[in-house]
Amino acid sequence: MTSRDNRRLDLILAASLFALVALPWYRIRSGFFGLEWVPDFFSSEKLWPGLLQALNGKWQLLPILVLVAAAVGLRVMRKPGTRGAAMIAIGVSGLAWMLAEGLAIGLRGWNWGLLEALFGDVSGQPAFGAGALMVVTGFALMIAFGAAERGALKGDAFVLGAITLLILLVAVFVFYPLVSMFSGAFQEFDGSFTTEGVRRNIVDPKIWSLGCLAGGNCGVAWRTFFLAICTATGTTLLGLVFALVATRTGFRFKKSLRLLTVLPIITPPFVIGLALTMLLGRSGTLTNVIEVATGWELGRWLYGLTGIWIAQMLSFTPIAFLVLIGVVEGISPSMEEASQTLRSDRWRTFRKVTLPLLAPGLANAFLIGFIESMADFGNPLVLGGSGGVLSTEIFFAVVGAQNDPARAAILAMVLLFFTLSAFLAQRFWLTGRNFATVTGKGDGGRHISLPKRVAWPATTIAVAWAAFTITVYAMIVFGGFVKVWGLDHSLTFEHYIRAFGIGWDEGIRWTGVAWDSFWTTMEIALLAAPLTAAVGLLTAWLIVRQNFPGRSVFEFALMMSFAIPGTVIGISYIMAFNLPPLQMTGTAVILIACFVFRNMPVGVRGGVAAMSQLDGSLDEASLSLGAGSGRTMRKVILPLLRPAILAALVYSFVRAITSISAVIFLVSAKYNMATAYIVGLVENGEYGIAIAYSSVLILVMITVIGGFQLLVGDRRIRRREERVSPGSPINKEANA
Amino acid sequence: MTQPRGAVEFRNVRKSFGEFTAIHDLSLDIAPGQLVTLLGPSGCGKTTTLRMLAGLESPSEGRILIGGDDVTRLPADRRDVSMVFQSYALFPHMNVGQNVAYGLEAGGLRPKEARKRAEDALDLVGLSGLGGRLPAELSGGQQQRVAVARALVLEPQVLLLDEPLSNLDARLRRKVRTDIRELQQRLGFTAVYVTHDQEEALAVSDTIVVMKDGVIAQIGSPRELYEAPASEFIADFIGEANVVDARVLDVDGDVARVELGGVAFPLPSRGVAPGPARLSLRSNALKVKADGEGIPGTVASSAYLGDHVEYEIDGPFGRIFVIDDESDTLLPSGTEVALEVRSRGIALIPEAA
């Protein structure tokens, strides 16, 4: 016991000391991993490690040196078991001090005037660099190992370390940005406190006006809310229709219906909007046909809430379908059978039994549709025209001529308020109201078919909508090969060549305009995917298998971060990571961090579901056979979780490629992402290339998903998945 | 104080889960080389006790010692015990050999050596040559033996078994419990065995610890528990005794004269004072006779079960359950019978009623 306690402590102490004497304390502009800084390490004062910086006038680092020294002293003087509390104290004070000094002293000295008045001038400091970050990690692990030596969580240092680091990461990448955004609303450009921006925006009629009730224009908040209600209602009804057709009719193409649901997942969000423009826009195909046939002038009706609504219906109906099909299938057939034996015909059964049982599922689908619509950025950006929604208004508040961060922050908070309310409603109001439970008992019987008067309209609607969806996707494929949409419909490869041309001049030259952003996107998506999966599954494991205080709060906070719209994340990341102590804007790191923490909740949810199916005694067996938590994770849990790992990898990869809302704030000239680039093309009216690029992205995603499938492979357990559940029929010892 | 390898000691252990206290102040000594059963109805705390010994739960208070070392704060992976799980918990993605070698490799043994030792362990439980199979390809009984081999191969000080037979069918259960007992006596390791089946406990144990509501109700050898239950709970739980009202007429040293339904007979007094008393009456303690001397009773129901006959009989002390394994004539309901007190299966319960 003793030796292990000491060994891991030695490791982090050595790392902390190394960081203090041999790594640059502050951030290096040219990047740490480029290693261009190494030759100048001694000559350039900016690159000095923490120890030298402290001796060179950065007195704020002295307490850190003292604390690390104290930790080393503790390690040498005291035995394990007697130093736990002191270790925790050192770790906590270390973190607290670094937080305080990092936030208090900025690039040009004190960040707050009050401190300057109290303590006089201080020289400024850049953002934390490699050395500082390693020491932060060291302090965090000191807390974990100290707690382990005190016997917390059965003394499991791995678990405690994982929990501590996760909490630290979530605090930095989820909560710190939100707090920064909030405080950003109360700051002038020079950082001083003001309520002027908030006061101006909070009563702004452009946000809050209810004029449309009297025939005028409504504020953007109400418009967005109204749109979200419409989209949620529409997608829920359509999703229900699809779910009923797929499970309770003799409809012949049920399998293909399910296939359609995959499409929107791999479609960048604005592509639907783009295709709609080509179909129904001013010079759209359908528009032309109608105008020629009737002679009406259709004009720009698509641009505005109507167009956004249609695009969102196309994008989010499959999600509602996925939610509802689970509910529809989950209703025990015996309920309906019971109703039928009680003298009710199919129509009465459907009205009195099936629909009421579906109600909680419908509410759930509605809330999800509401959140998705609120958070949608791509479609409103393409189709919004002059009347935007909250997410696009936030964007234009920062990038446009307004450049009013306070306004962006206020709008973001309004948006956040709407989505979080929906999330909380979903979480608290719907919990425990789900009737569609899977009991595990074999439930004989089949779902009854829909009554005729429902089946016919439902099938008709489903087929019509599916046809519309297929048309829209056909536009996407076709549009890439047409010269100028709406004017010159001759076929051409021109767009593909301009986007993805490859020249030959002493080796391959990537001449296409898309290559640059394409490779960046691939690189970042491929880096983010495994990280997301790892963090998500580790979190899931902690939540399911470890019983630590504050676990439910931790889980709740993580799940809540899923309800934060991408636009809000984007704006909050800019406000948080543009200045010391953590400065990351314009780097690849901020993109990766954004993807990891934005997509992690889905990995967590999948991991939790998969892990709850694994018998807990498998972990315990491994532990009692002498394997530590780390080994148990590696040898037992991970191999059994392969399907969940695959799902998390695929999801985070796809999301990293398709997402636009947060990304558009975070891209830079050096790290431009495909979606942001395509949106740029659309804004310039270069639809051809934009569409060509989007189709290539969809193809690449399909290919890479297949690749992941091969790479991860299946878990090799023949015949049965897990344990013999108690009470299951026992194999006779026939082959003994 | 140093204790020999394999000794287990619980000192004033308490375990709470939030508001609920699963174990109240448990103290227990287990001698090396013994097979000790923790027996009790579900929710009595027996599995919690076992899991605390394994290191899968930590006690809220008190200390646990294994082989004289305090292991209270030691995590499961560093305790010299290993466990056979109720569900077996065989790793479904590893074959049988890898499962058995798993703990050895975790302990730093080289894979080659570990594999050899695993094969030896499989030989020991009679599964030679099945190392290449996946757990799913074995029958329930074979899986159970793999679980035992996987735990035993580590040569732990204490082997823990959590209801190891509950997933087996009745016939197999009898064979496997004999095998486990035989293995334990041959290799001489300490074993702690959790079960809720009193017959299983009687069959395999050196010592049985009966638990109820988080406290120890009685500790003793199977014979002591059966023949001299300390409480009505034990009398009922071990062997489903009839507990009836009787009267102690007088006590002379260790011998009490007991009156039941008008018949007097001597019994060990067990500290019971003269006056009303409670009596544990095994189903074979009374002989059912169609006529003659004895306690009068009426047959309420009867059933023929091949090698014996079961009766429910209404006597002066209420309805009792009696087995007659001597005669094969079935007396119909309503028959007036006489019950003769035998010299076995009957004991005074010392607990105040």
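These figures come from a predicted structure and were not determined experimentally.

Let's talk about the domain arrangement of chain A
Part 1 of the argument: Domain annotation of chain A identifies domain 1 (2–150), domain 2 (207–440) and domain 3 (509–712).
Part 2 of the argument: Computed over C-alpha atoms only, the centres of domain 1 of chain A and domain 2 of chain A are separated by 49 Å.

Overview of the packing of aromatic side chains
Remark: the centre distance and the inter-plane angle together describe each pair of aromatic rings, the angle taken between the planes.
Part 1 of the argument: As enumerated under the stated definition, the model contains 27 aromatic pairs over all chains in all.
Part 2 of the argument: Considering the side-chain rings of Phe242(A) and Phe321(A), the 6.2 Å spacing of their centres and the 75 degrees angle between planes classify their relative orientation as edge-to-face. Placement of Phe242(A) in helix α10 (residues 220–248) and of Phe321(A) in helix α14 (residues 305–330) is noted, with a sequence separation of 79 residues between them.
Part 3 of the argument: On the basis of relative accessible area, Phe242(A) is assigned to the buried category, the value being 7%.
Part 4 of the argument: Measuring from centroid to centroid gives 5.5 Å for Phe233(B) and Phe237(B), while their planes differ by 20 degrees, and the two rings are stacked. Separated by four residues within a single helix, Phe233(B) and Phe237(B) lie in helix α8 (residues 232–237), roughly one turn from each other. In this pair, the class of Phe233(B) matches that of Phe237(B), namely buried.
Part 5 of the argument: Grouping aromatic residues by their ring pairs yields a cluster made of Phe500(A), Trp515(A), Phe518(A), Trp519(A), Tyr677(A) and Tyr693(A).
Part 6 of the argument: Above the plane of the ring of Phe145(A) lies Arg8(A), whose end atom (NZ or CZ) is 5.3 Å from the centre.
Part 7 of the argument: A cation over a ring is seen here: Arg631(A) above Tyr102(B), with NZ or CZ 5.8 Å from the ring centre.

Brief notes about the pairing of strand β13 (residues 263–268) of chain B
Residue and element names in this part refer to chain B.
Part 1 of the argument: In this structure, strand β12 (residues 255–260) lies alongside β13, joined through six bridges in antiparallel fashion. Counted as the bridge partner of Val255 is Pro268 from β13.
Part 2 of the argument: Between β12 and β13, which follow one another and run antiparallel, lie two residues, and Gly261 among them has a positive phi close to 55 degrees.

Examining the sheet that holds strand β3 (residues 35–39) of chain B
Residues and elements named next belong to chain B.
Part 1 of the argument: Pairing within the open sheet is mixed, and its six strands lie in the order β6-β7-β8-β3-β9-β10. Of all the strands in the sheet, the pair left with one neighbour each is β6 (81–84) and β10 (215–220). For this sheet the average axis-to-axis angle between neighbouring strands, irrespective of direction, equals 20 degrees.
Part 2 of the argument: As judged from the five bridges shared by strand β9 (residues 207–212) and β10, these two strands associate in the antiparallel manner. Of the residues in β10, the one forming a bridge with Lys212 is Val215.

Re the interface of chain A and chain B
Part 1 of the argument: Taken together, the contact between chain A and chain B spans 42 residues of the former and 44 residues of the latter.
Part 2 of the argument: Interface of chain A and chain B: buried area, both sides summed, is about 3900 Å²; carbon and sulfur atoms make up 54% of it.
Part 3 of the argument: Put simply, chain A and chain B have one salt bridge between them.
Part 4 of the argument: Between Glu620(A) and Arg51(B) there is a salt bridge whose closest N-O contact spans 2.6 Å.
Part 5 of the argument: Ranked by residue count, the leading element in the side of chain A that touches chain B is helix α26 (residues 616–624) of chain A, at seven residues.
Part 6 of the argument: Counted by class, the side of chain A that touches chain B contains 14 nonpolar, 11 polar and 17 charged residues.

Here's the deal with the packing of helix α7 (residues 157–184) of chain A against helix α19 (residues 405–429) of chain A
Residues and elements named next belong to chain A.
Part 1 of the argument: Orientation of α7 relative to α19, taken along the N-to-C sense of each, is 125 degrees, at an axis distance of 8 Å. On the basis of the axis angle, α7 is oblique to α19. Taken as a pair, α7 and α19 cross one another with a handedness that is left-handed. Residues Leu178, Met181 and Phe182 of α7 form the contact with α19, whose own contacting residues are Ala409, Ala412, Met413 and Leu416.
Part 2 of the argument: Grouping the amino acids of the contact of α7 with α19 by side-chain chemistry returns seven nonpolar, no polar and no charged.

Observations concerning the nonpolar core
Part 1 of the argument: Formed by 250 residues in total, the largest nonpolar core has its most connected members in Trp25(A), Met98(A), Phe139(A), Leu276(A), Tyr573(A), Phe653(A) and Leu160(B).
Part 2 of the argument: Broken down by element, this core gets its largest block of residues, 14 residues, from helix α22 (residues 515–545) of chain A.

Thoughts on the packing of α22(A) against helix α23 (residues 551–560) of chain A
All names here are of chain A.
Part 1 of the argument: Where α22 meets α23, the axes come as close as 10 Å, and the angle between the chain directions of the two elements is 145 degrees. Seen from above, α22 lies across α23 with left-handed handedness. Residues Thr539, Leu542, Ile543 and Val544 of α22 pack against Arg551, Phe554, Glu555 and Leu558 of α23.

Conventions adopted
Residues numbered from 1 in each chain as written. Chains lettered and ligands numbered in written order. Predicted model: local features only at pLDDT ≥ 70, side-chain atom pairs only at ≥ 80, totals over all residues. Heavy atoms only, no water. Domains from an automatic or database assignment. Phe/Tyr/Trp six-rings, centres within 6.5 Å; stacked < 30°, edge-to-face > 60°. Helix = DSSP H or I, 4+ residues; strand = E, 2+ residues; numbered from the N terminus. Buried < 20%, exposed > 50% of the residue type's maximum accessible area, 1.4 Å probe, protein only. Lys NZ or Arg CZ within 6 Å of the ring centre and 35° of its normal. Pairing = 2+ DSSP bridges. Axes fitted to C-alpha atoms, helices over the stretch in contact; angles between N-to-C directions. Contact = heavy atoms within 4.5 Å. Buried area = accessible area lost by both parts, 1.4 Å probe. Salt bridge = Lys/Arg side-chain N within 4 Å of Asp/Glu carboxyl O. Nonpolar A, V, L, I, M, F, W, Y, C, P; charged D, E, K, R; others polar. Parallel < 35°, antiparallel > 145°, perpendicular 65-115°, else oblique. Left-handed = near helix turned anticlockwise from the far one by under 90°. Core = buried A, V, L, I, M, F, W, Y, C linked by side-chain atoms within 4.5 Å.

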